[in-house]
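Each chain is listed here by its residues.
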Amino acid sequence: MQALIALSKLVALVNAGALTIGRWLGAFCILLMVIVILTQVFFRYVIGLGLPWPEEAARFLMLWSAGLMIGTAYRRGGFVAIDLMVALLPRLLRHLLTLTLFALALIVLWKAWQIGLREVSGLAGRFGTDSLNVPTSWDLSTWHKVPKSWQMMSMLVGIGALVMVTFELILREVIALFGRAGDLPPISDQVVLGSE
């Protein structure tokens, strides 16, 4: 049991670090998204010349912010209706039901991973975006369309974060099932390495 507790604490620390980086990068994506949207508002409504790329850039940044931050939301969150129902159950049944729900979550995440991988590596991911371009030369003379796979990669990043958090929550639930939940710090008090 001590090894399981130590593993749980290690996974919690790794998740806290990875999710912190994800939160900071996700917040940066949101900042860039706001700048892009305000740029479009200025050009469209003040100057009267709408730019072709800001909507697509904002969508790209929104997907990445969600993919980078979803693990934190899942780790800290909960579903009020499910949490209330589970809290009413006896301890053993509560832990078994929670483990069952996490196992189902892993099955759904596995399927989502397969779909995401198909989107990234399949035919759809090979096409370029309509209006987003990146420089491919040092002198900025050559530009190419951003592949849609770069946008869809946000799905895989988010699913990977969800899998890691689910693994952590399963470990915590197994430890709680054996009556040792008191040996683990609450997630809300976990070290989050400055992501607050």
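Cut-off values and rules
- Residues numbered from 1 in each chain as written.
- Predicted model: local features only at pLDDT ≥ 70, side-chain atom pairs only at ≥ 80, totals over all residues.
- Heavy atoms only, no water.
- Helix = DSSP H or I, 4+ residues; strand = E, 2+ residues; numbered from the N terminus.
- Rg over C-alpha atoms; globule rule 2.2 N^0.38 Å.
- Buried < 20%, exposed > 50% of the residue type's maximum accessible area, 1.4 Å probe, protein only.
- Contact = heavy atoms within 4.5 Å.
- Areas by Shrake-Rupley, 256 points an atom, 1.4 Å probe, with all protein chains shown as cover.
- Polar contact = N/O pair within 3.5 Å; in protein donor to acceptor, adjacent residues only side chain to side chain.
- Axes fitted to C-alpha atoms, helices over the stretch in contact; angles between N-to-C directions.
- Parallel < 35°, antiparallel > 145°, perpendicular 65-115°, else oblique.
- Nonpolar A, V, L, I, M, F, W, Y, C, P; charged D, E, K, R; others polar.
- Salt bridge = Lys/Arg side-chain N within 4 Å of Asp/Glu carboxyl O.
- Left-handed = near helix turned anticlockwise from the far one by under 90°.
- Core = buried A, V, L, I, M, F, W, Y, C linked by side-chain atoms within 4.5 Å.

Draft legend 1. Representation of the overall build of the protein in the model. When helices and strands are counted, the protein shows six helices and two strands. Each helix and strand of the protein, ordered N terminal to C terminal, gives the series α-α-α-α-α-β-β-α. Computed over C-alpha atoms, the radius of gyration of the protein comes to 21 Å, more than 25% over the 16 Å expected from 2.2 N^0.38 for 196 residues, which places it beyond the range of a compact globule. Projected onto its principal axes, the C-alpha coordinates of the protein cover approximately 65 × 35 × 35 Å. Taken over 196 residues, the protein has a buried fraction of 34%. For the protein, the proportion of contacts with a sequence separation of at least 24, taken over those separated by at least 6, is 71%. Accessible surface, the protein: about 11900 Å² in total, of which carbon and sulfur atoms supply 75%.

Draft legend 2. Structural view of the environment of Gln40. Counting through the fold element by element, Gln40 comes out in helix α1 (residues 2-47). Through-space distance from the C-alpha of Gln40 to that of Phe60 is 15 Å; in sequence the pair is 20 residues apart. In this structure, Gln40 is in contact with Tyr45, Gly50, Leu51, Pro54 and Glu55, ignoring residues within four places of it in sequence. One polar contact links the side chain of Gln40 to the main-chain amide nitrogen of Leu51, over a distance of 3.1 Å.

Draft legend 3. How the structure looks around the packing of helix α2 (residues 54-76) against helix α6 (residues 148-177). Where α2 contacts α6, the axes come no closer than 8 Å and their chain directions differ by 0 degrees. Considering their axes alone, α2 and α6 lie roughly parallel with respect to each other. Here the contact of α2 with α6 is composed, by residue class, of 14 nonpolar, six polar and three charged.

Draft legend 4. Highlighting the pattern of salt bridges. Counted by the stated rule, this structure contains three salt bridges. In this structure, Glu168 and Arg75 form a salt bridge, with 3.0 Å as the shortest nitrogen-oxygen distance. A residue pair is termed long-range when its members are at least 10 positions apart, and Glu168 in helix α6 and Arg75 in helix α2 qualify at 93 residues. Across this residue pair, the class does not change: Glu168 and Arg75 are buried. A salt bridge links Asp183 to Arg180, with the nearest nitrogen and oxygen atoms 2.5 Å apart.

Draft legend 5. The arrangement of unusual backbone geometry in detail. A positive phi angle is found at Leu140, which is not glycine, with a value near 60 degrees. Residue position: Leu140 is located in the loop between β1 (128-135) and β2 (143-147).

Draft legend 6. Focus on the packing of helix α4 (residues 91-121) against α6. Contact geometry for α4 and α6: axes closest at 9 Å, N-to-C directions at 160 degrees. When the interaxial angle is binned, α4 and α6 end up roughly antiparallel. Crossing angle aside, the handedness with which α4 passes α6 is left-handed.

Draft legend 7. Highlighting the environment of Trp64. Its place among the elements puts Trp64 in helix α2. For Trp64 and Val157, which are 93 residues apart along the polypeptide, the C-alpha to C-alpha distance reads 8.6 Å.

Draft legend 8. Inspection of the nonpolar core at higher detail. Listed in full, the eleven residues of the largest apolar core are Cys29, Met33, Val36, Ala57, Ala58, Phe60, Leu61, Trp64, Leu68, Leu132 and Val146. Elements supplying a minimum of two residues to this core: α1 and α2. If one sorts the elements of this core by residue count, α2 sits on top with six residues. Contact partners of Leu132, with chain neighbours within four places excluded, come to Trp53, Glu56, Ala57, Phe60, His144, Lys145 and Val146.

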